[in-house]
Amino acid sequence: MISTSIDVSASNFYQDFDITWGDGRAKVLNNGELLTLSLDKASGSGFQSKNEYLFGKIDMQLKLVLGNSAGTVTAYYLSSQGSTHDEIDFEFLGNLSGDPYIVHTNVYTQGKGSREQQFYLWFDPTADFHTYSVLWNPQTIIFYVDGTPIRVFKNSESQGVPYPKNQPMRVYASLWNADDWATRGGLVKTDWTKAPFTAAFRNFTATACVWSAGKSSCSSTNSNSTKNSWLSQELDLASQARLKWVQNNYMVYNYCTDTKRFPQGLPPECTLINS
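The rules we used
- Residues numbered from 1 in each chain as written.
- Predicted model: local features only at pLDDT ≥ 70, side-chain atom pairs only at ≥ 80, totals over all residues.
- Heavy atoms only, no water.
- Disulfide = S-S within 2.5 Å.
- Buried < 20%, exposed > 50% of the residue type's maximum accessible area, 1.4 Å probe, protein only.
- Helix = DSSP H or I, 4+ residues; strand = E, 2+ residues; numbered from the N terminus.
- Contact = heavy atoms within 4.5 Å.
- UniProt positions renumbered as here; feature names shortened; annotations may be inferred.
- Polar contact = N/O pair within 3.5 Å; in protein donor to acceptor, adjacent residues only side chain to side chain.
- Pairing = 2+ DSSP bridges.
- Axes fitted to C-alpha atoms, helices over the stretch in contact; angles between N-to-C directions.

**Q** Hey, could you run me through the state of the cysteines in this one?
**A** Here, disulfide denotes a covalent bond that connects the sulfur atoms of two cysteines. The final tally for this structure, using the stated rule, is 2 disulfides. Between the sulfur atoms of Cys209 and its disulfide mate Cys218 the distance is 2.1 Å. Across the S-S bond linking Cys209 and Cys218, the dihedral sits near -100°, which makes this disulfide left-handed. Of the two residues examined, Cys209 and Cys218, each falls in the buried class. In this model Cys256 forms its disulfide with Cys270; the gap between the sulfur atoms is 2.0 Å. Taking the torsion about the sulfur-sulfur bond, which here is approximately -75°, the covalent link between Cys256 and Cys270 counts as left-handed. Remark: Cys270 occurs in the segment after strand E17 (251-254) and Cys256 occurs in the segment after E17; sequence separation between them is 14 residues. Accessibility classification places Cys256 together with Cys270 in one group, the buried group. When the cysteines of the chain that form disulfides are numbered from the N-terminus onward, they connect as 1-2, 3-4.

Take a look at the structure:
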């Protein structure tokens, strides 16, 4: 069998996504090239991909809520369904005007999360679109911002840590009110006089294995072909140096160093390099 993957380019939101909630607050514009989500006091909004994926390189460009975004969360993530779901999260925690956004990342395996790492960004994510990516293959999950890796979650099944590899996931995005926790632990509330809050999405691409009718569009017989090199991709030395630069200069929380939270000992994957 020849290995194939779907390569979605020149994304069209009409073709690739369904608006799932928000009662008209999510809008597809520019002939399907742009999707905006908005939040007001009554409701937020969200959308999900039509396709499910089992491994892939997922890219989306986002422009986050401008100005005083305190209390709001813009979420962009992959997830399966059910109580033992897998999930790979980007969440962008809003802040008061002039204060930096926090990029909140998490990985759920078989329904268990609590693997948060948080970062500041080295640019203003409200001024323009930037690319946020997830590489998910059988060996590793890598979070990227504009092509720079910010986080790696390696397959640590040998350490007894479950890894997302059996449950196909959809791509989701939403904009919602989380002022009970999002900004300074819930101390700063959403200022509804600034509503509606709006985030914009464009240029979705998925170089990925599409899961349909119980089968993957990728075979395992030829996964090392050039076309599917992402299936075995890991960080090279230059990318490892960039990762270290981000983690040394922009990481603001790492569950793997939070000994107060884990008095019985840190999670086993935290002993691995670049976990």
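**Q** What's the story with the environment of Arg115 in this structure? I'm lost.
**A** Tracing the backbone through its elements, the reader meets Arg115 in the loop between strand E9 (102-108) and strand E10 (117-119). Residue Arg115 is classed as buried on the basis of its relative accessible area of 3%. Residues Arg115 and Pro267 lie 152 residues apart in sequence; the distance between their C-alpha atoms is 8.9 Å. Aside from chain neighbours lying at most four places away, what touches Arg115 is Thr105, Asn106, Val107, Tyr108, Thr109, Arg151, Phe153, Val161, Tyr255 and Glu269.

**Q** What am I meant to see in the UniProt feature "active site" (unreviewed entry) in the chain here?
**A** If you check UniProt for "active site" (unreviewed entry), the listed places come out as Glu87 and Glu91 in our numbering. With respect to the element layout, Glu87 can be found in strand E8 (residues 87-93). Within polar-contact distance, the side chain of Glu87 engages the side chain of His85 at 2.8 Å. Here Glu91 is to be found in strand E8. Accessibility expressed as a relative area gives 13% for Glu91, which makes it buried. When neighbours within four sequence positions are excluded, Glu91 is seen to be in contact with Val73, Thr74, Ala75, Ile102, Val103, His104, Trp176 and Trp181.

**Q** Any chance you could explain the sheet that holds strand E7 (residues 72-79) here in plain terms?
**A** Sheet strands associate in pairs through backbone hydrogen bonding, adopting either a parallel or an antiparallel arrangement. Taken together, the 8 strands give an open sheet; going across it, the order is E2-E5-E14-E7-E8-E9-E10-E17, and neighbouring strands pair in antiparallel fashion. Where the open sheet ends on each side, the last strands, each with one partner, are strand E2 (17-21) and E17. Recorded for the sheet is a direction-independent mean angle of 15° between the axes of neighbouring strands. As defined by bridge partners, E9 adjoins E10 across 3 bridges and the pair is classed as antiparallel. When the bridges of E10 are listed, Thr105 appears paired with Gln117.

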